[in-house]
Amino acid sequence: MELNSLLLLLLTALVCLTSSQDSCGNRPLVGPPGSSRIVGGRDAPEGAWPWQVSLQLLSIHTCGGTIINNLSVLTATHCFLKFWGRKRLFRVVAGLRELSTPGGHAQIRFISEIRSHKGYNHVTTENDLTLLLLSSPFNFTDHVQPACLPHDVRHEFILNFSHCFISGWGTSYYKGEHMNTLQEAEVELIDRRKCNLLSWYGGRITENMICAGLESGARDSCQGDSGGPLQCYSEDEERFYLIGVTSFGDKCGVPRRPGVYARTSRFADWLKTNQTASVSAANRLNTRLISALLSVVLMLF
Ligand code: ARG
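Here goes a summary of the coordinates provided. (Residues numbered from 1 in each chain as written. Predicted model: local features only at pLDDT ≥ 70, side-chain atom pairs only at ≥ 80, totals over all residues. Heavy atoms only, no water.)

Considering the overall build of the protein
Here is step 1: When helices and strands are counted, the protein shows four helices and 14 strands.
Here is step 2: Approximately 14,700 Å² of the protein is accessible, and the part contributed by carbon and sulfur atoms is 56%. (Helix = DSSP H or I, 4+ residues; strand = E, 2+ residues; numbered from the N terminus. Areas by Shrake-Rupley, 256 points an atom, 1.4 Å probe, with all protein chains shown as cover.)

Quick look at the sheet that holds strand 8 (residues 130–134)
Here is step 1: Taken together, the seven strands give an open sheet; going across it, the order is 6-5-2-3-4-8-7, and neighbouring strands pair in antiparallel fashion. Among the strands making up the open sheet, the edge pair consists of strand 6 (107–109) and strand 7 (111–116). The sheet shows a mean angle of 30° between the axes of neighbouring strands, taken without regard to direction.
Here is step 2: Here strand 3 (residues 60–69) pairs with strand 4 (residues 72–75) via three bridges, running antiparallel. Bridge pairing in strand 4 links Thr66 to Leu74. (Pairing = 2+ DSSP bridges. Axes fitted to C-alpha atoms, helices over the stretch in contact; angles between N-to-C directions.)

Here we look at the site of the ligand
Here is step 1: The ligand sits among 14 residues. The nearest are Asp220, Ser221, Gly224, Ser226 and Lys251.
Here is step 2: Here an oxygen atom of the ligand sits 2.9 Å away from a polar atom, N or O, in the side chain of His78.
Here is step 3: In this structure, Gly224 approaches the ligand through a main-chain N or O atom, which is 2.6 Å from an oxygen atom.
Here is step 4: About the coverage of the ligand: the protein hides 91% of its 350 Å² of free accessible area. (Near = heavy atom within 4 Å. Polar contact = N/O pair within 3.5 Å; in protein donor to acceptor, adjacent residues only side chain to side chain.)

Examining the state of the cysteines
Here is step 1: This model, assessed by the stated rule, comprises five disulfides.
Here is step 2: There is a disulfide in this structure between Cys63 and Cys79, and the S-S distance comes to 2.1 Å. Negative torsions about the S-S bond denote left-handed disulfides, and the value of about -95° found for Cys63 with Cys79 makes this one left-handed. In this pair, Cys63 sits in strand 3 while Cys79 sits in the loop between strand 4 and strand 5 (90–94), placing the two residues 16 residues apart along the sequence.
Here is step 3: Taking relative accessible area as the criterion, Cys63 reaches 5% and is therefore assigned buried.
Here is step 4: Under the relative-accessibility criterion, Cys79 is labelled buried at 9%.
Here is step 5: In this model, Cys195 is linked to Cys211 through a disulfide, with the two sulfur atoms separated by 2.0 Å. Between Cys195 and Cys211, the S-S dihedral sits near -90°, and the bridge is therefore left-handed. In this pair, Cys195 sits in helix 3 (residues 192–195) while Cys211 sits in strand 11 (residues 209–213), placing the two residues 16 residues apart along the sequence.
Here is step 6: Relative accessible area serves as the criterion here: at 1%, Cys211 is assigned to the buried category. (Disulfide = S-S within 2.5 Å. Buried < 20%, exposed > 50% of the residue type's maximum accessible area, 1.4 Å probe, protein only.)

Some thoughts on the packing of aromatic side chains
Here is step 1: Per the stated rule, a full pass over the model turns up ten aromatic pairs.
Here is step 2: Their ring planes at 65° and their centres at 6.5 Å tell us that Phe165 and Phe240 sit as a pair that is edge-to-face. With Phe165 in strand 9 (residues 161–168) and Phe240 in strand 13 (residues 239–248), this pair connects stretches of sequence that are 75 residues apart. Comparing Phe165 with Phe240, the two get one shared label, buried.
Here is step 3: Feature note: the residues Trp49, Trp51, Phe165, Tyr233 and Phe240 constitute an aromatic cluster, connected by ring pairs. (Phe/Tyr/Trp six-rings, centres within 6.5 Å; stacked < 30°, edge-to-face > 60°.)

Topic: the environment of Asp269
Here is step 1: On the secondary structure map, Asp269 appears in helix 4 (residues 268–300).
Here is step 2: When its relative accessible area of 59% is taken as the criterion, Asp269 is described as exposed.
Here is step 3: When the C-alpha positions of Asp269 and His151 are compared, they lie 8.6 Å apart, and in sequence the two are 118 residues distant.

This is the structure we're talking about:
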């Protein structure tokens, strides 16, 4: 009997360890997106976007970012343009809703490495993607969780998204002030051909970018939202995917000038190679724990 309960305990620990590695896109505190639509931005409910972080320069919010595993955050390259090599000036804050009052769920981490996409072009804003490796891992809680990433373009296609949202502490109008409470807005993914029409972005949108918003401009990201998530809900998998990273736009909320996002599915390979070092460090620990547990189980038999 004693042996059985011990075995059960060990097996449960094993299952927990292995499954914790691939759980993503869940928000324990908020249900799936409803069908009611919102106008403009609104205050995000507590725990609505547990993968959203605030990237702060000398404690001042500068950009958004998205947790993709406990040691990595995905953000935009243009957030660092004036601060190359100054990683010590930045901090990453997760579990945050109000910038001025972080509260007990906030977790602050520092950056150990800034890995910017080598192909970033500041004229075209192509490849506006940067991976931040953290100096210590986030603890996943109800308020801090990783988002899922599409494996590739085909995966993005078959996920069949029902609802997409943008979120961030960015300004509510062009040249306005940052918001204190995290804002969210439901947006539509806009077909690239349409977004590239002469009366829209006139050919500036490449395959590595994705437009999202409304034709009227009524819902959009703005200054300070950069690096943050464009997240879509997969009805089939019942979880959220990071589909885009907020990159640029012509002012904010202008008709036929929606927000433009770096299209994560096109960077799957880049992400895999650049994440390797950080994830493998975390996984090495897990693998060691798992093998230790396994040998205990085997010894008992
Ligand atoms: N580049 C901006 C930033 O640094 C984001 C702009 C998004 N613009 C838009 N119209 N959606 O925060």
